[in-house]
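# A structural walkthrough
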Amino acid sequence: MADRVPGSSRPSLSPPGFEQRYNDCCWRHGVVPNKALLSAFFKAEAKKACRQLCSLVVFLDDLKDADFLPLLDMFMEIGTSDIDAVDIFHYSSCDLNGEYVLLLLRAINQKLRVVNIRDASFGKEFLRDLSQRGLTCQVLNLRSSHFRKLNMVGKFIHLRSLNLDFSSSLTSLRKDCFTCMPNLNCLSLCETRIANLWTTSSALLKLPSLVELRFQKCLCCDDTGPCPGSTGGKSIDSVQMDIEIRVGAPSFFDEDYYHYLNSEEADLFNEVESAYEDTSDDSEVDFTNHPRETSMLGAYSDVIPQWNGLVDWQTEISFGTLAMQDEDGSSSKSSNSRHTTSTVPKKYIACHPSPICYEKHYREYMVASLPSLKVLDNLSIEKTDKERANGIFSQHFEYLPYKRKNKESVVNILHKREIRASCTNSQNWRRRPLYVSAKSQCFFSRSLSAAKVGSSAWPLLHPLSISGDESRSFRPRQFEYHPSDSSLMAFGTLDGEVVVINHENGKIVSYISSLGGMNSVLGLCWLKRYPSKLIAGSDNGSLKLCDIKPISSRNKGTNSSAHSVTFDEFDQLTSVHVNSTDEWFLASGYSKNVALYDIGCGRRLQVFVDMHREHINVVKFANHSPSIFATSSFDQDVKMWDLRQKPIFPCYTAASSRGNVMVCFSPDDHYLLVSAVDNEVKQLLAADGRLHLNFNMVSTGSSQNYTRSYYMNGRDYVISGSCDENVVRICCAQTGRRLRDLSLEGKGADASMFVQSLRGDPFRDFNMSILAAYIRPSSNSEIVKVNLLASSDYAKEDSDGLHSRLSCSMGG
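Residues numbered from 1 in each chain as written. Predicted model: local features only at pLDDT ≥ 70, side-chain atom pairs only at ≥ 80, totals over all residues. Heavy atoms only, no water.

Right, let's get into the overall build of the protein. When helices and strands are counted, the protein shows 12 helices and 44 strands. Counting every position in the protein, which comprises 812 residues, the buried fraction comes to 58%. Long-range contacts, defined here as pairs at least 24 residues apart, represent 61% of the contacts in the protein between residues at least 6 apart. Accessible surface, the protein: about 33,900 Å² in total, of which carbon and sulfur atoms supply 48%. (Helix = DSSP H or I, 4+ residues; strand = E, 2+ residues; numbered from the N terminus. Buried < 20%, exposed > 50% of the residue type's maximum accessible area, 1.4 Å probe, protein only. Contact = heavy atoms within 4.5 Å. Areas by Shrake-Rupley, 256 points an atom, 1.4 Å probe, with all protein chains shown as cover.)

Written out as structure tokens, the structure is:
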């Protein structure tokens, strides 16, 4: 025991009150009584004497580590009838031991009512323990916390209000993060980094009592309830007005406790956190250096938020000089401006938005997905709002793949299929079948896919792992699935290598070194009739026909001496593609020309000059017509050509509003999928170039946001990603409705990722691979395999310790 401190009092023989008990505890531990605690116990005693609610308010800012032992003893001695509620507050940075704070919270137990804590001061283990074990409080305020992926799986049975505002490390909600909060009514997530509509709504559906939610707030509101200055969703006069958007405006503390804070303690918005070493192991907690509660728009300086449906729809407003967006996504203003139009009630000033608020139809999506919600972003949700939201949701989003309206179990679908099969094979043809309308095999396969996709919000994903020589570290830059062998994939590297891998087991089938002639491999294309051969082209112009034969030698290990044929160079190459009969291939690059090569004789036949006004990024042959090909150029044109007519004049020209990055044919050659800079994705009729569908993806305003799109599940779905974003969007190729978004997340706050390329698996429905690149130069790119039909909360880790996370979820 510590030496007794001179001047501390000995226990009294009179019936002790709170102050006396606390003094006794301090005497036992040899600690000078804390004046702030004495004052708090005095106020609690006074309330008790007046037969008022006996509540004790403890400010951790006033404590030191030495104060905790007597305080813990004090709470152990206080009976259940002595005190009604305990509120814990903490506003300023301090050097308290996080273990002591946790012990205090546990000791108070059922009497804990309000906990308002800044976790940064207490270390990583504090937040992890709180998340995994839970708390008995009713109100939990963890603003500016260091959660990265919310995983509060402990018991929070009594929790009714949770505030995680300004938790700028928080990027996503995990599958079961809210399953232990059955009574949570109010949730605030302003100015976090949460961006995915699908994972977020799926996680929030685990909250049966949730009625108030915020991802942004009205400037005058600090609580989650409806804004008293708004119209509450009721009709207002249809007038045009400007909205004042104040990002980073200060919030207000509870008035009852504000007077306890000095000016330095109250300034939570300009303080920089203490320097924590980034020791993240990809857990839910992150301790990296970044400003506290800074505006999220700072990280999106080139993005103006799309305040879609934030408020009452009776009044349309225009943000300054931003262009009004047409139905087809076109604009009368600059293409670099992010189009935003919305309607709001009078006096509503939105501030501190999370990135999810920028998503198109964000408010309608959340209202339709969370039917029990009554207040969103301090705005009441009326019956008319819900009706309109349901209509918007049906128009722009797919609840389940293939237009399925209701979730079904896989067992139920298989049972129906078996009943149909037995009815079809029955010999009693006069007997009326149980199901009058016969279903095709395609119907059941699509139903099974829809059931599997709908059964889990988080799909199975893992980086492509390479087994064998651990000393070999590849840097993939381009990849292609094999056209006939479902297990094979080829990828080219930044070092000019071509690697053929069995992507199912991670074994290398063939390795072709750069041989001193290849730089970064930007073009890869398999031959269809000769499945052991592929064309590879690098950015220095090198072109080779690589032969990975013999196929039968795959099990004998790596074939490092694969045969190759060299073609005439094509300077600054970016794309190669082989025609359907394997006779010719085309090459394009940073020029206005396209070169035609004869594969059989190994030479260049012709160079078609000045096919566009600017460089041609991609050239693609049709899948079934050996002489038809399309070119996409940064001159904003896509052109169709026919070799039989000597490509001097195109068959037709289709224009985009921005430079074209990508073009490809649908598997049946009925459509052209065109991707232009900054998420301008359209589907054209291949026959004449007429617009068939505009996917109306939201632009970011970046002229460097190069977008690439491909088909998945044949021509049923389109997957699209851009190099300035970490999102892959999945849309129906016939209606344009979004099925879901996938969000790439790297390890650590400084490991942002983006989509460099992607491909749909030609053999497996709802499977794809994504070439994900880190913004951090020291990190290698990795190929992430995604299976939407299987469920997993975590991505697997490859042998190099690289991590990926794909946060995604189903619509609805």
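Next comes the rest of the description.
Another point: the packing of helix 4 (residues 98–108) against helix 5 (residues 124–133). Helix-helix packing is described using two parameters, namely the angle between the two axes and the distance between the axes. In the contact formed by helix 4 and helix 5, the axes pass within 9 Å of each other and the chain directions differ by 25°. In terms of orientation, helix 4 and helix 5 fall into the roughly parallel class. Judged by residue contacts, Gly98, Val101, Leu102 and Arg106 of helix 4 engage Phe126, Asp129, Leu130 and Arg133 from helix 5. Of the residues in the contact of helix 4 with helix 5, the class split is four nonpolar, one polar and three charged. (Axes fitted to C-alpha atoms, helices over the stretch in contact; angles between N-to-C directions. Parallel < 35°, antiparallel > 145°, perpendicular 65-115°, else oblique. Nonpolar A, V, L, I, M, F, W, Y, C, P; charged D, E, K, R; others polar.)

This brings us to the side chain of Arg214. By secondary structure assignment, the location of Arg214 is in strand 9 (residues 212–214). Owing to a relative accessible area of 0%, Arg214 belongs among the buried residues under this scheme. Within polar-contact distance, the side chain of Arg214 engages the backbone oxygen of Asp222 at 3.4 Å. Those residues in contact with Arg214, other than ones at most four positions away along the chain, are Asn163, Asp165, Leu187, Ser188, Leu189, Cys190, Cys221, Asp222, Asp223, Thr224, Asp377 and Asn378. (Polar contact = N/O pair within 3.5 Å; in protein donor to acceptor, adjacent residues only side chain to side chain.)

Now for the packing of helix 1 (residues 18–29) against helix 3 (residues 68–77). At a minimum axis distance of 8 Å, the contact between helix 1 and helix 3 shows a crossing angle of 130°. Put simply, helix 1 runs oblique to helix 3. Where helix 1 crosses over helix 3, the two elements pack in a sense that is right-handed. Between helix 1, through Phe18, Arg21, Tyr22, Cys25, Cys26, Arg28 and His29, and helix 3, the contact on the second element is made entirely by Leu69, Pro70, Asp73, Met74 and Glu77. (Left-handed = near helix turned anticlockwise from the far one by under 90°.)

Turning our attention to the side chain of Asp87. Counting through the fold element by element, Asp87 comes out in strand 2 (residues 85–89). A distance of 2.6 Å separates the side chain of Asp87 from the side chain of Arg113, its partner in a polar contact.

On to the pairing of strand 31 (residues 637–642). Across the six residues that make up strand 31, a large majority, six, are buried. Neither face of strand 31 is exposed, since Asp637, Lys639 and Trp641 on one face and Val638, Met640 and Asp642 on the opposite face are all buried. Direction of pairing for strand 30 (residues 628–633) relative to strand 31: antiparallel, over a ladder of five bridges. Note that in strand 31 the partner of Ala630 across the bridge is Met640. The hairpin formed by strand 30 and strand 31 contains three residues between the paired strands, and Gln636 there has a positive phi angle of roughly 80°. The sheet contact formed by strand 31 and strand 32 (residues 652–655) spans four bridges and is antiparallel. From the neighbouring strand, Lys639 faces strand 32, where its bridge partner is Thr653. (Pairing = 2+ DSSP bridges.)

A separate point is the pairing of strand 19 (residues 498–502). The buried fraction of strand 19 is high, at five of five residues. What you see with strand 19 is no split at all: Val498, Val500 and Asn502 on one side and Val499 and Ile501 on the other are buried throughout. Pairing of strand 18 (residues 488–493) with strand 19 involves five bridges; the strand directions are antiparallel. Of the residues in strand 19, the one forming a bridge with Leu488 is Asn502. Joining the antiparallel neighbours strand 18 and strand 19 is a turn of four residues, in which Gly496 adopts a positive phi near 85°. Bridge count between strand 19 and strand 20 (residues 507–512): five bridges; the pairing is antiparallel. Bridge pairing links Val499 to Tyr511 in strand 20.

Moving on, we get to the confidence of the model for the protein. Confidence in the prediction for the protein averages 79 pLDDT; 75% of positions are at 70 or higher. Note on residues 426–437: pLDDT under 50 across the span, and six contacts to partners over four residues away in sequence or across chains. Counting interchain partners and residues more than four positions distant, the pLDDT-below-50 stretch residues 550–561 has 18 contacts. (pLDDT = per-residue confidence, 0-100.)

Here we take up the sheet that holds strand 17 (residues 476–481). Spatially, 17-18-19-20 is the arrangement adopted by the four strands of the open sheet, whose pairing is antiparallel. Where the open sheet ends on each side, the last strands, each with one partner, are strand 17 and strand 20. The sheet shows a mean angle of 20° between the axes of neighbouring strands, direction not considered.

Our next topic: the packing of aromatic side chains. Summed over the entire model, instances satisfying the criterion amount to 24 aromatic pairs. With centroids separated by 5.8 Å and ring planes inclined at 75°, the aromatic side chains of Phe474 and Phe491 adopt a geometry described as edge-to-face. Of this pair, Phe474 sits in the loop between strand 16 (459–463) and strand 17 while Phe491 sits in strand 18; the two residues are 17 residues apart in sequence, bridging distant segments of the chain. Judged by relative accessible area, Phe491 falls into the buried class, the value being 2%. Geometrically, the ring pair formed by Phe479 and Tyr481 is edge-to-face, given 6.4 Å between the ring centres and 75° between the ring planes. (Phe/Tyr/Trp six-rings, centres within 6.5 Å; stacked < 30°, edge-to-face > 60°.)

In terms of nonpolar packing, the biggest core is built from 80 residues, with Leu60, Leu140, Phe178 and Leu204 touching the most fellow members. If you look at the next biggest cluster of nonpolar residues, it comprises 50 residues, including Ala622, Leu684, Ala686 and Val786. (Core = buried A, V, L, I, M, F, W, Y, C linked by side-chain atoms within 4.5 Å.)

Once that is clear, we can look at the pattern of salt bridges. For the structure shown, the criterion picks out 23 salt bridges. Between Arg644 and Asp642 there is a salt bridge; the shortest N-O distance is 2.8 Å. Given a relative accessible area of 64%, Arg644 falls into the exposed group. One salt bridge in this structure joins Arg715 and Asp668, with 2.7 Å as the shortest N-O distance. In this pair, Arg715 sits in the loop between strand 37 (707–712) and strand 38 (717–722) while Asp668 sits in the loop between strand 33 (660–665) and strand 34 (671–676), placing the two residues 47 residues apart along the sequence. Through salt bridges with shared partners, one network takes in Arg106, Asp129 and Arg133. (Salt bridge = Lys/Arg side-chain N within 4 Å of Asp/Glu carboxyl O.)

Further remarks concern helix 10 (residues 383–396). Helix length check: helix 10 (14 residues) gives 20 Å between terminal C-alpha atoms against 20 Å at 1.5 Å per residue, within 8%. Taken residue by residue, helix 10 has Asp385, Ala389, Ile392 and Phe393 as its buried positions. Down the axis of helix 10, the smallest arc covering the buried residues is 100°, so these residues share one side. Of the exposed residues in helix 10, those oriented more than 90 degrees away from the buried face are Lys383 and Thr384. Buried positions along helix 10 lie against helix 9 (362–369) and strand 15 (379–380). (Expected span 1.5 Å × (residues − 1). Arc of directions from axis to C-beta.)

A separate point is empty space enclosed by the protein. Taken as a whole and assessed by the stated rule, the structure comprises four cavities of 30 Å³ or more. Looking at the second largest cavity, its volume works out to about 50 Å³. In terms of lining residues, the second largest cavity is bounded by Leu400, Arg404, Asn406, Lys407, Glu408, Ile413, Ser447, Ala450 and Ala451. In terms of residue count, helix 12 (residues 441–455) provides more of the lining of the second largest cavity than any other element does, three residues in total. The class makeup of the residues in the lining of the second largest cavity is four nonpolar, two polar and three charged. (1 Å grid on protein atoms, 1.4 Å probe; cavity = no way out; pocket = protein on both sides within 12 Å on 5 of 7 lines; lining within 4 Å. Points joined across faces, edges and corners; volume = space filled by probe spheres on them.)

What follows deals with the sheet that holds strand 31. With antiparallel pairing, the four strands of this open sheet are ordered in space as 29-30-31-32. Looking at the sheet topology across the chains shown, the edges are occupied by strand 29 (616–621) and strand 32. Looking at each pair of strands side by side, their axes are set apart by 20° on average, direction ignored. As paired strands, strand 29 and strand 30 are joined by five bridges and run antiparallel to one another. Bridging across to strand 30, Ile616 finds its partner in Ser633.

With that settled, the discussion passes to the environment of Arg604. Within the secondary structure, Arg604 is located in strand 28 (residues 603–608). Residue contacts for Arg604: discarding those within four places in its chain leaves Asp568, Glu569, Ala595, Leu596 and Tyr597. Engagement of the side chain of Arg604 in a polar contact is seen with the backbone oxygen of Glu569, the distance being 2.9 Å.

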